[in-house]
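Working through the structure, step by step
So you can see what is in the structure, the chains are spelled out below.
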Amino acid sequence: MESFFIQTERQKEILEKIQRYIPIFQERERSSEQLGSFSFDNVNDLKKIGYTKLPLEDLSTYELVLFQENIARGDGSTALGIGWHVSTLLDLQRDNKWPKEIYHNLCERVKEGALINYVLSERGKGSPTRGGRLSTKAHRVKDGWEISGRKSFASMALVLDYFIVSVQVEEENEESLFLIPSRTEGVRIDEVWDSVALRGTASHDIVLDRVTVPDSYLVDKKPIAALENSTGGFLHIPACYLGIAQAARDYALTFASNYKPNSLNRPIRTAPHIQMKIGQMELQLAQARHLLYSVAKTYDEWEHKQSLNSHLAATKYTVTNHAITIVDLAMRIVGARSLSEKNPLQKYYVNVRAGLHNPPADDEILSFLAEKAQIEDVKEPAKV
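For the structure given in this document, a descriptive report is provided here. (Residues numbered from 1 in each chain as written. Predicted model: local features only at pLDDT ≥ 70, side-chain atom pairs only at ≥ 80, totals over all residues. Heavy atoms only, no water.)

We now examine the overall build of the chain. A count of helical and extended segments in the chain gives 11 helices and 8 strands. For the chain, the C-alpha radius of gyration of 22 Å lies close to 21 Å, the compact-globule estimate for 384 residues. (Helix = DSSP H or I, 4+ residues; strand = E, 2+ residues; numbered from the N terminus. Rg over C-alpha atoms; globule rule 2.2 N^0.38 Å.)

In structure tokens, the structure reads:
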């Protein structure tokens, strides 16, 4: 990454702390292949350097993507998981709609190391961005609410202290968000995550069996998954996949600079067809990174943030697809050995493709952009 993307001394100091862990995270990722693995050590290391409480210290969207990209260079699973926590807090801070006492208590717990994430999806209901009706229900009981249901894709489920759960409130027939402490009676983690991609996110199911929470834990009433409600925190998703792509590029470039086949007797980096692929990787990286960081900076500075939703969506689409192309090019440079079980590129390949399935999907984004398209006021061209 070019140094001009680092714009303040604070960013430099935090980034230096993160970058010290990149090779450590990479080594841990290579050694944790078993199903259901989760890197507790990575999360604890990020807590040690104060990363998980940064949103309480005036974290910008620009800084979010800068830091998340670099964490993903070390381990994509850790980046995506911790990115949900950090972006959730960032959005809550800017939204400022929660009951003050609940939000204050949450912030105090976060300062002590607590982790939080939205848990919105349900199996068999499709992506929440597509408007599927929730089967998780809440109804009033004495002094609060009773909630039952099952939620899926709860990233970092094993270490979360709080869930923000989307629920159908039976009495009002509307979708609401509840804050649920993970240690509440009736909460259970069903360890069913078996994905070959981003295995280390440990995105298990959360089972809610007649979970009772106080009335004040109904913290919001809005369809948070809708594209119209996207916020800057959403950019942690493309930042993660850009970081994975950067790691793949770095590996391929190192390989090409050192590998000398007998047929060439010099590093393959000098071969014209390899140079073309390296050039294509650099072009894709530059395009993706400039778009991501430009939109993040604009979001921080622009007063009418809601008007940028189409740009946030376009960034997710563009950066994710560029990242997939970069990893593919890296594998073409390395050749058949990139498919070796011991080669990191095969893991980067499956991990980066997970970005296609992080809502919103490509077709949703394109439809959304089409709906938002406006004809600018321009004069008719002069008739010849």
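Once the structure has been displayed, the description carries forward.
One pass over the structure, following the stated rule, counts 9 aromatic pairs. Ring centres of phenylalanine 38 and phenylalanine 40 lie 4.9 Å apart, and the angle between their planes is 80°; this geometry places the pair in the edge-to-face category. When its relative accessible area of 13% is taken as the criterion, phenylalanine 38 is described as buried. Taking 5.3 Å as the distance between ring centres and 80° as the angle between the ring planes, the aromatic pair formed by tyrosine 62 and tyrosine 293 counts as edge-to-face. Highlighted residues: tyrosine 62 in helix H4 (residues 61–74) and tyrosine 293 in helix H8 (residues 272–301), separated in sequence by 231 residues. Judged on exposure class, the residue tyrosine 62 and its partner tyrosine 293 are both buried. Each member of the aromatic cluster is reached from another via a ring pair, and the members are Phe4, Phe5, Tyr62 and Tyr293. Between arginine 123 and the ring centre of phenylalanine 153, over which it is positioned, the NZ or CZ distance is 5.5 Å. Positioned over the ring face of tyrosine 299 is lysine 305, at 4.9 Å from the centre of the ring. (Phe/Tyr/Trp six-rings, centres within 6.5 Å; stacked < 30°, edge-to-face > 60°. Buried < 20%, exposed > 50% of the residue type's maximum accessible area, 1.4 Å probe, protein only. Lys NZ or Arg CZ within 6 Å of the ring centre and 35° of its normal.)

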